[in-house]
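Here's the letter readout for the chains.
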There are 2 protein chains.
Amino acid sequence: MKVTELAKEFGTTPDTVRYYTRLKLLNPAKSENGYKYYPLTEISRLKFILSARHLGFSVSDIRHIIDEASLGKSACPLVRSLIKERLADTEKQFQAMLALRKNMNDALAQWDVKEDKTPTSTMVCHLIDSFEPTKEYGGSHD
Amino acid sequence: MKVTELAKEFGTTPDTVRYYTRLKLLNPAKSENGYKYYPLTEISRLKFILSARHLGFSVSDIRHIIDEASLGKSACPLVRSLIKERLADTEKQFQAMLALRKNMNDALAQWDVKEDKTPTSTMVCHLIDSFEPTKEYGGSHD
DNA sequence: CTTGACCTGTGTCTTACACACAGGTTTAAA
DNA sequence: TTTAAACCTGTGTGTAAGACACAGGTCAAG
């Protein structure tokens, strides 16, 4: 399979396939014309990489996992351990986004009843300057 | 005020202050010794920038807002318009994180009852390979 | 006057690709 | 058969928002 074929097969982009290839996560054969051809092992490896990405693993994680597996060892323990870290990261980001979203919605609501004002030397926009986060609890969890 | 003082005052880092200064969002005076000194107008401008960042505006957005205000015009209409875009972006990312988090939790649960396996030429880790997203509805909203 | 704590600018690094570009290759039509 | 479209190649750069490094200047205290 060639780059674009492969990309389409798995619903990704040629650039992504090239990217992984650049990082040597994929190792295609090169035909005489200079084109890259991906044999079955590389095809299933791409599938693996994409699945792992969908599970929140970073490309660097994936590299470590592949390295482990290529030593003949089971990568499963590493995978189990890594996903817990990534889940914790995701949870943090998720909470941050939750708070951000709330702030944004609160701002929209507050601003609805405020008029526009012209700026001064110390005030670019009073909407933003006067916004208050509507704190519900003092964040003491971090 | 000097860089580090300013950063501490608003709970950010000197690097962040320097970054905004590099982008000319802040325009400190330079004293003879070469140090940067931030007068009151710049101090309140930093406060503005940080508030805007907390509301999900990008640095680029902020630049546009400041540009608008520096023409003497009210930046409020722009601000109202931009935050709606950013809120939509945030909502999208939020939903994506929600789905990711679910996938990760599902994976953890599924894997709990699976044993480790050694890799083969076409399988790096069966945990990842065999993971199924537990789709609840066919995502047809984008 | 020296030590240590601050400051300076500038340059590089990060993530996971997307996009650009100059040029080689293949394919299908003319 | 010529040629033009449609593919492919590697490599280089851009992205967001800073973090970190580094060589060197400056300042307060002992």
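Note that the structure is a prediction, hence the values are computed from the model and not measured.

(A) How the structure looks around the UniProt feature "domain: HTH merR-type" (unreviewed entry) in chain A. The feature "domain: HTH merR-type" (unreviewed entry), as given by UniProt, occupies residues 1–68 of chain A in the numbering adopted here. With 60% helix and 6% strand, residues 1–68 of chain A has its two end C-alpha atoms placed 26 Å apart.

(B) Structural context of the protein's contact with DNA strand C. Near DNA strand C lie 19 residues; those nearest to it are T13(A), Y20(A), R53(A), T4(B) and K36(B). Here, DNA strand C places atoms within 4 Å of the protein, and 71% of those atoms are sugar or phosphate. A distance of 2.8 Å is found between a phosphate oxygen of DNA strand C and a side-chain nitrogen or oxygen belonging to Y20(A). Within the contact set of DNA strand C, a base oxygen lies 3.1 Å away from a side-chain nitrogen or oxygen of R22(B). Only α2 (14–22) of chain A together with α1 (3–9) and α2 (14–22) of chain B provide two or more residues apiece to the surface near DNA strand C. With 5 residues, α2(A) is the largest single contributor of residues to the surface near DNA strand C. Of the residues belonging to the surface near DNA strand C, the class tally is 6 nonpolar, 6 polar and 7 charged.

(C) Here's a closer look at the packing of aromatic side chains. In total, this model carries 3 aromatic pairs over all chains according to the counting rule given. Centroid distance Y19(A) to Y20(A): 5.8 Å. Interplanar angle 45°. Geometry classified as tilted. Just above the ring of F94(B) sits the side chain of R101(A); from NZ or CZ to the centre is 4.0 Å.

(D) Looking closely at unusual backbone geometry. Residues and elements named next belong to chain A. One non-glycine residue, K24, adopts positive backbone phi at about 65°. Relative to the assigned elements, K24 resides in the loop between α2 and β1 (29–30). A relative accessible area of 63% means that K24 is categorised as exposed.

(E) Examining the protein's contact with DNA strand D more closely. Not every one of the 19 residues close to DNA strand D is listed here, only the nearest: T4(A), K36(A), T13(B), Y20(B) and R53(B). Between DNA strand D and the protein, one listed contact pairs a phosphate oxygen with a side-chain N or O atom of N33(B) at 3.0 Å. A distance of 3.0 Å is found between a base nitrogen of DNA strand D and a side-chain nitrogen or oxygen belonging to Y35(B). Elements that contribute at least two residues to the surface near DNA strand D include exactly α1 (3–9) and α2 of chain A together with α2 of chain B. The element that contributes the greatest number of residues to the surface near DNA strand D is α2(B), accounting for 5 residues. Class assignment for the residues of the surface near DNA strand D results in 6 nonpolar, 6 polar and 7 charged.

Rules used throughout
Residues numbered from 1 in each chain as written. Chains lettered and ligands numbered in written order. Predicted model: local features only at pLDDT ≥ 70, side-chain atom pairs only at ≥ 80, totals over all residues. Heavy atoms only, no water. UniProt positions renumbered as here; feature names shortened; annotations may be inferred. Helix = DSSP H or I, 4+ residues; strand = E, 2+ residues; numbered from the N terminus. Near = heavy atom within 4 Å. Polar contact = N/O pair within 3.5 Å; in protein donor to acceptor, adjacent residues only side chain to side chain. Nonpolar A, V, L, I, M, F, W, Y, C, P; charged D, E, K, R; others polar. Phe/Tyr/Trp six-rings, centres within 6.5 Å; stacked < 30°, edge-to-face > 60°. Lys NZ or Arg CZ within 6 Å of the ring centre and 35° of its normal. Buried < 20%, exposed > 50% of the residue type's maximum accessible area, 1.4 Å probe, protein only.

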